[in-house]
Amino acid sequence: MSDHKTMTINLVVWRQKNANDTGKFENYTVKGITEHHSFLEMLDVLNEDLIKAGKQPVAFDHDCREGICGMCSQVINGMPHGGQERTTVCQLHMRKFHDGDTIYIEPWRARAFPIVKDLVVDREALDKIIQAGGYTSCHTGGVPDGNAILIPKPAADEAMDAAECIGCGACVAGCPNGAAMLFTGAKVSQFAVLPQGKAEAKTRVTNMVQAMKDCGFGNCTNHYECMAACPKGINVKFIARMNREYLKAQF
Amino acid sequence: MILDGKCPTGPIQQSWDKHRFDLKLVNPANKRKYNVIVVGTGLAGGAAAASLGELGYNVQAFCYQDSPRRAHSIAAQGGINAAKAYPNDGDSIYRLFYDTIKGGDFRAREADVWRLAQVSNNIIDQCVAQGVPFARDYAGYLDNRSFGGAQVSRTFYARGQTGQQLLLGAYSALSRQIKLGTVKMYARREMLDLVVVDGVARGITVRNLVTGELESYAADAVCLATGGYVNVFYLSTNAMGCSVTAKWAAHKKGAYFANPCYTQIHPTCIPQAGDYQSKLTLMSESLRNDGRCWVPKKKEDCGKHPNDVAEEDRDYYLERKYPSFGNLAPRDIASRAAKEQCDDERGVGPGGRGVYLDFATSIKRVGADTIKERYGNLFEMYEKITDENGYKRPMRMYPAPHYSMGGLWVDYNLMSNIPGLFVLGEANFSVHGANRLGASALMQGLADGYFVIPYTIGGYLAGVKPVGTSTDAAEFKQSKEEVNGNVSKLLGINGKKTVSEFMRELGGLMWENCGMARSNESLNINLQKIPALREEFWNNVKVTGTGAEFNQDLENAGRTADFLEFAELMCRDALHREESCGGHFRTEHQYDDGEAMRDDSNFCYAGAWEFKGINNEPELHKEPLKFENVHLAVRSYK
């Protein structure tokens with residue numbers, strides 16, 4: 001409401017009807033954007049224009065719009081989530097752009113993430129990795145009191161650092177190998193530092209790494225692009241920990 | 001009709017234990033013969049699907065997101081309550097029970113709330129076993145913080161992402177069952193109809209959001225855990241996909257909708273910045289542990305930089321009005337107080353719709369580093385959205401729709417009036433009465449999913465023969481045809497206005513006339529305008545694309561169509577309830593000091609509405625509320 005000046009933005013957006021379509025870039029112009037518009041609200045404006053013109057709006061995944069559900073997934077100007085540190089697309093604001101800018105928007109691109117439509121991809125492969133072992137096999141009920149298991153604060157904090165992952169897949173999209181090592185490493189590490197995770201540590205890491213391979217994800221060659229892309233700042237040290245856990249599990 | 005919640009009788013302390021013993025059991029070998037559908041994979045649905053799978057039932061779980069891990073429970077920040085009494089500050093199951101009944105302004109069932117308080121402790125144990133990284137102290141013990149409406153510290157938390165961590169816990173348990181084959185997961189499916197055969201819930205019709213195909217699924221019982229409906233206000237803290245659609249479909253098939261007028265307006269959200277805005281962002285209630293709410297005492301100070309307003313010219317209105325609870329007054333009360341200051345033209349920021357939440361005193365007391373450790377991610381989020389630094393100048397806040405206490409009516413077993421249809425979590429009406437206390441939503445979702453439904457569904461299934469998963473019954477085909485007809489109708493209108501234009505207009509009407517304050521006059525305006533808007537929608541909406549593809553415009557159109565019907569019921573309920581209680585504030589019913597005036601002699605009941613057709617008056621059924629363990633009293637936090 002305090003906005004007196006607005007921006008005109010040129011967009012180059014990836015359009016693809018479905019998984020079988022080859023897809024191509026389309027050019028659009030959106031007007032009347034303020035610095036307070038979030039990136040997705042800017043796309044809402046575009047879509048309203050398209051609908052009114054009788055054209056198909058751009059499909060993109062989004063839900064919570066507060067940076068926690070992990071649904072939003074766009075490569076903006078070549079960077080997953082747009083390159084602002086620790087920020088998802090939905091939390092990116094137009095004040096980071098300028099009047100007259102041209103912005104390229106693409107979906108996550110990775111072998112393991114087939115495109116569903118436009119900017120929407122299928123990330124079921126990440127669920128498959130978790131299903132392979134991303135849990136403690138405790139049954140509901142029949143567990144000890146929460147304070148019966150003492151967990152030193154540094155361990156609890158480190159587990160939390162790893163557990164912050166929102167499963168968006170930016171690490172995969174950012175990786176030149178399309179690897180899910182940061183995603184998998186974070187989950188393996190969360191349980192590796194906690195006493196509750198020790199009992200199944202070996203089978204967990206073995207099975208999760210196998211699932212990662214089976215889903216078509218690549219391997220790590222230490223580019224650290226994943227960490228740069230991660231909207232939650234998950235550290236690559238968790239990949240190192242996963243590698244150590246994996247080696248330990250082999251003997 | 002007088003409804004019976006079928007609550008156990010006798011001393012409340014033994015009520016749940018006795019009831020659990022009285023429930024019939026399904027033996028392990030027979031469990032695998034039964035099929036259960038769970039719709040929604042948030043805390044309630046995710047926990048239910050996992051726990052029922054563990055027990056040996058065949059579960060089919062559905063969510064509209066691309067993965068069960070994304071349900072909006074994930075956005076809960078502050079924490080989860082439990083009566084562990086670890087801090088030795090006088091907490092107990094009874095006190096949590098009492099606080100929740102009082103917090104709900106005496107409009108919830110005693111037995112349900114007791115059970116919630118009792119199982120709250122099991123939830124913490126369960127989550128710890130799952131590897132949820134709750135905050136710990138240096139000795140390794142679980143840490144607690146305080147929340148509104150309580151004078152003890154009973155809230156467990158994982159930084160500012162408690163909901164995320166608890167949901168990932170439930171998701172991990174669910175993933176384990178998916179791997180084991182007890183749960184079949186269907187993501188990107190939206191439930192559009194409930195299938196009822198011979199008066200019993202037998203399945204659902206869903207739209208495959210990727211292919212657009214309509215699919216039928218059958219089971220021996222259907223559990224809805226589809227969350228709340230405050231997106232009826234258009235701008236809310238809910239996720240964009242949260243809707244009333246699944247609940248409304250069940251309602252139209254006969255399930256009663258209870259207390260739809262009980263909506264929670266959360267006091268600390270980032271104020272709206274412009275008309276283009278798509279959602280509002282909540283800042284955790286936990287911030288009120290260290291943040292102080294104030295507005296300038298003088299109108300002329302409202303335009304000043306907050307740091308230039310002298311200490312003596314600030315009105316710490318919550319501390320002034322509610323000295324014993326101060327900044328930790330419950331949500332309904334804190335929200336109304338914020339509105340009161342802004343209505344008095346002492347609000348700050350754009351349009352004068354904002355109050356300050358100031359951390360300066362706490363930063364002075366404990367240091368910026370400690371504040372950062374406690375709420376760092378929230379300050380970061382605030383800065384991303386507003387471009388302001390909360391450590392250096394007070395945050396601006398304004399109330400926003402956040403949660404719905406109302407929902408589908410259920411009995412003590414969480415079963416609706418349709419046999420075989422169970423409703424869990426925010427989707428039901430059961431425990432929060434007219435106002436929910438902070439850190440209680442997570443508690444209810446997990447209580448229902450982990451520790452209530454696994455027992456009560458057995459009690460139901462033990463009495464029915466398994467029917468398999470065949471969808472041959474005529475009702476399935478009929479349901480598909482109805483849904484398909486609706487989809488074709490939406491796509492065929494080809495009018496001039498977009499779906500979001502309608503939703504914005506409806507949201508505006510609801511916020512203005514059925515929001516934080518309601519009156520006979522304002523509600524009647526809505527009861528005139530909503531049917532007209534609905535009529536216009538069905539004649540002039542423009543929906544692009546086809547039904548046989550991934551089509552978000554169509555998804556939104558369907559949700560909006562349902563909100564346009566539901567909104568009318570919500571206003572009708574608010575109009576009939578001639579009293580103020582919790583989140584329902586009727587301007588005609590207040591004390592001289594502006595506090596809510598309840599009418600226990602006429603409205604001490606849950607009001608459950610029966611659908612009688614669109615544009616027809618629904619029928620009201622009442623379930624009287626009895627208070628045998630808590631004395632009905634004027635709710636005071638002074």
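In this text the structure is predicted, and so the values were computed from the model without any measurement.

Basis of the calculations
Per chain, residues are indexed from 1 in the order of the written sequence. Here the convention is simple: chains get letters from A, ligands get numbers from 1, in the order in which they are written. Side-chain atom pairs in this predicted model are given and counted only at pLDDT of 80 or more, local residue features only at pLDDT of at least 70, and totals for whole chains, interfaces and linings cover all residues. In DSSP terms, a helix is any run of H or I states spanning at least four residues, a strand is any run of E spanning at least two, and both are numbered starting from the N terminus. Only C-alpha atoms enter the radius of gyration; for comparison, a globular chain is expected to reach 2.2 Å times N to the power 0.38, where N is the number of residues. Here the C-beta atoms are placed from the backbone, and a residue counts as buried if at least 20 other C-beta atoms lie within 10 Å of its own, exposed if 12 or fewer do, and partly exposed otherwise. Any residue pair is listed as a contact if its two C-beta atoms, each placed from the backbone, are within 7 Å. By definition, two strands form a pair when at least two bridges between them are found by DSSP. The convention used is that axes are lines fitted to C-alpha atoms, helices contributing only their stretch in contact, and that angles between N-to-C directions extend from 0 to 180 degrees. Where each domain starts and ends comes from a domain assignment, either automatic or drawn from a database. Residues are grouped as follows: nonpolar covers Ala, Val, Leu, Ile, Met, Phe, Trp, Tyr, Cys and Pro; charged covers Asp, Glu, Lys and Arg; every other residue, Gly included, is treated as polar. As a per-residue quantity, pLDDT reports the predictor's confidence and falls between 0 and 100. Each nonpolar core consists of buried Ala, Val, Leu, Ile, Met, Phe, Trp, Tyr and Cys residues. Their C-beta atoms, within 7 Å, join them into a set. A helix is expected to span 1.5 Å multiplied by its residue count minus one. Note on bend: at a given residue it equals the angle between the axes fitted to the 7 residues ending there and to the 7 starting there. What sets the label is the angle itself: under 35 degrees gives roughly parallel, over 145 gives roughly antiparallel, 65 to 115 gives roughly perpendicular, and the rest give oblique. A clockwise path from the first strand over the helix to the second, with the strands pointing away from the viewer, defines a right-handed crossover.

Student: Please clarify how the overall build of chain B should be interpreted in this entry.
Tutor: When helices and strands are tallied, chain B shows 17 helices and 21 strands. For 638 residues, the compact-globule formula gives about 26 Å, and the C-alpha radius of gyration of chain B, at 24 Å, lands near that figure. Considering only C-alpha atoms, chain B reaches an extent of 75 × 60 × 50 Å along its principal axes. Taking all 638 residues of chain B together, 62% fall into the buried category. Here the contacts in chain B between residues at least 6 apart in sequence split such that 74% fall between residues at least 24 apart.

Student: Looking at this model, I keep getting lost on the overall build of chain A. Mind explaining?
Tutor: Scanning chain A from N- to C-terminus turns up eight helices and seven strands. With respect to the principal axes defined by its C-alpha atoms, chain A has extents near 60 × 45 × 35 Å. Of all 251 residues assigned to chain A, the portion counted as buried reaches 55%.

Student: Looking at this model, I keep getting lost on the sheet that holds strand β15 (residues 395-404) of chain B. Mind explaining?
Tutor: Backbone hydrogen bonds are what pair the strands of a sheet, in a parallel or an antiparallel way. Residues and elements named next belong to chain B. The strand order across the open sheet built from five strands is β11-β15-β14-β12-β13, with neighbouring strands paired in antiparallel fashion. One side of each edge strand has no neighbouring strand; the edge strands of this open sheet are β11 (263-269) and β13 (314-315). Bridge analysis of strand β12 (residues 292-296) against β13 gives two bridges, and the strand direction is antiparallel. Bridging across to β13, Val295 finds its partner in Asp315. Packed onto the sheet, helix α9 (residues 331-343) meets β11, β12, β14 (355-358) and β15 and runs at close to 65 degrees relative to β11.

Student: I'm lost on the domain arrangement of chain B in this one. Help?
Tutor: All names here are of chain B. Taken domain by domain, chain B consists of domain 1 (266-400) and domain 2 (474-605). Centre-to-centre, using C-alpha coordinates, domain 1 lies 30 Å away from domain 2. The interface of domain 1 with domain 2 comprises six residues on the first partner and five residues on the second. A per-element tally of the side of domain 1 that touches domain 2 places α9 first, with five residues. Residue composition of the side of domain 1 that touches domain 2, grouped by class: one nonpolar, one polar and four charged.

Student: Got a minute to help me understand the environment of B:Val410 in this structure?
Tutor: Residue and element names in this part refer to chain B. With respect to the helices, strands and loops of the structure, Val410 is situated in the loop between β16 (407-408) and β17 (421-423). As for Val410 and Ala255, which are separated by 155 residues in sequence, their C-alpha atoms are 9.1 Å apart. In contact with Val410, other than residues within four places in its own chain, are Met415, Ser416, Val423, Asn428 and Ser430.

Student: It is not clear to me how the interface of chain A and chain B should be interpreted in this structure. Could you clarify?
Tutor: Interface extent is often summarised as the accessible area lost during association of the parts. Counting from both sides, the interface comprises 68 residues of chain A and, opposite them, 64 residues of chain B. Among the secondary structure elements, those contributing two or more residues to the side of chain A that touches chain B are α1 (39-52), β6 (115-117), α2 (124-131), α3 (153-163) and α5 (181-192) of chain A. Here the residues of the side of chain A that touches chain B are counted per class, giving 28 nonpolar, 24 polar and 16 charged.

Student: Is there a simple way to explain the sheet that holds strand β21 (residues 619-624) of chain B in this structure?
Tutor: All names here are of chain B. Here four strands make up an open sheet; going across it, the order is β16-β10-β20-β21 and the pairing antiparallel. Looking at the sheet topology across the chains shown, the edges are occupied by β16 and β21. As paired strands, strand β10 (residues 257-258) and strand β20 (residues 605-610) are joined by two bridges and run antiparallel to one another. From the neighbouring strand, Ala258 faces β20, where its bridge partner is Ala608.

Student: I keep staring at the confidence of the model for chain B and nothing clicks. Help me out?
Tutor: Counting all residues, the mean pLDDT for chain B is 96, and 100% of those residues have values of 70 or more. The ipTM, which scores confidence in the relative placement of chains, is 0.98 for this predicted complex, and the corresponding pTM is 0.98.

Student: When you look at the nonpolar core in this model, what are you seeing that I'm missing?
Tutor: Burial of nonpolar side chains together is a common tendency in soluble globular proteins. If you look at the biggest cluster of nonpolar residues, it comprises 287 residues, and the most contacted ones within it are A:Val172, A:Leu182, B:Val36, B:Cys223 and B:Leu408. The element contributing the most residues to this core is helix α12 (residues 441-461) of chain B, with 12 residues. For B:Val36, the residues in contact, after removing those within four places along its chain, are B:Leu52, B:Tyr57, B:Val59, B:Ala219, B:Asp220, B:Ala221, B:Cys223 and B:Ile457.

Student: Explain helix α11 (residues 368-386) of chain B here, please?
Tutor: Within an α-helix, residues lying three or four positions from one another point in the same direction, as the helix has 3.6 residues per turn. Residues and elements named next belong to chain B. Compared with the 27 Å implied by 1.5 Å per residue over 19 residues, the 20 Å span of α11 between its first and last C-alpha is markedly short. Where α11 bends most, at Tyr375, the angle is about 85 degrees. Among the residues making up α11, those that are buried are Ile371, Arg374, Tyr375, Leu378, Phe379, Met381, Tyr382 and Lys384. Within two residues after α11, Asp387 carries a phi angle of roughly 65 degrees, on the positive side.

Student: Teacher, can you tell me more about unusual backbone geometry here?
Tutor: Note on backbone geometry: most residues besides glycine have negative phi, and most peptide bonds are trans. Residue and element names in this part refer to chain B. You will see that Asn88, though not glycine, has its phi angle at about 60 degrees, which is positive. Residue Asn88 is classed as exposed on the basis of its 7 C-beta neighbours within 10 Å. The backbone of Asp198 sits at a positive phi, close to 50 degrees, despite the residue not being glycine. For Asp198, the location among the structural elements is in the loop between β6 (189-197) and β7 (200-208). Using a count of 8 C-beta atoms within 10 Å as the deciding quantity, one classes Asp198 as exposed.

Student: How should I be thinking about the domain arrangement of chain A in this particular structure?
Tutor: Residue and element names in this part refer to chain A. According to the domain assignment, chain A contains domain 1 (7-116) and domain 2 (123-249). Here the C-alpha centroids of domain 1 and domain 2 sit 29 Å apart. Contact with domain 1, which involves 18 residues of that partner, is made by 18 residues of domain 2. When grouped by side-chain class, the residues that make up the side of domain 1 that touches domain 2 number nine nonpolar, six polar and three charged.

Student: Which parts of the structure should I look at to understand the packing of α2(A) against helix α6 (residues 162-180) of chain B?
Tutor: A pair of packed helices is captured by two measures, namely the crossing angle of their axes and the spacing between those axes. Following both chains from N to C, one finds α2(A) and α6(B) inclined at 85 degrees, their axes separated by 8 Å at the closest point. Classified by the angle their axes make, α2(A) and α6(B) are roughly perpendicular. Two secondary-structure elements touch here, α2(A) through A:Asp127, A:Ile130 and A:Gln131 and α6(B) through B:Ser172, B:Ser175, B:Ile178 and B:Lys179. The class makeup of the residues in the contact of α2(A) with α6(B) is two nonpolar, three polar and two charged.

Student: Looking at this structure, I do not really get the environment of B:Ser146. What am I missing?
Tutor: Checked against the element boundaries, B:Ser146 lands in the loop between α5 (110-130) and β4 (155-156). Those residues in contact with B:Ser146, other than ones at most four positions away along the chain, are B:Ser153, B:Thr155, B:Asn289 and B:Leu328.

Student: How do you make sense of the environment of B:Met570 when you look at a structure like this?
Tutor: Residues and elements named next belong to chain B. Along the polypeptide, Met570 turns up in helix α16 (residues 552-576). Counting along the chain gives 164 residues from Met570 to Gly406, while the straight-line C-alpha distance between them is 9.5 Å. In contact with Met570, other than residues within four places in its own chain, are Val232, Pro260, Cys261 and Cys514.

Student: Would you explain the pairing of strand β1 (residues 35-39) of chain B in this entry?
Tutor: Working note: regular strand, side chains alternate between the two faces of the sheet. Residue and element names in this part refer to chain B. Extensive coverage of β1 is indicated by the burial of five of its five residues. By the alternation rule, side chains of β1 split into Asn35, Ile37 and Val39 and Val36 and Val38, which are all buried. Judged from the five bridges that link them, β1 and strand β2 (residues 58-62) form a sheet pairing that is parallel. Note on β2: the bridge partner recorded for Val39 is Phe62. Note on the crossover from β1 through helix α3 (residues 43-55) to β2: the handedness is right-handed.

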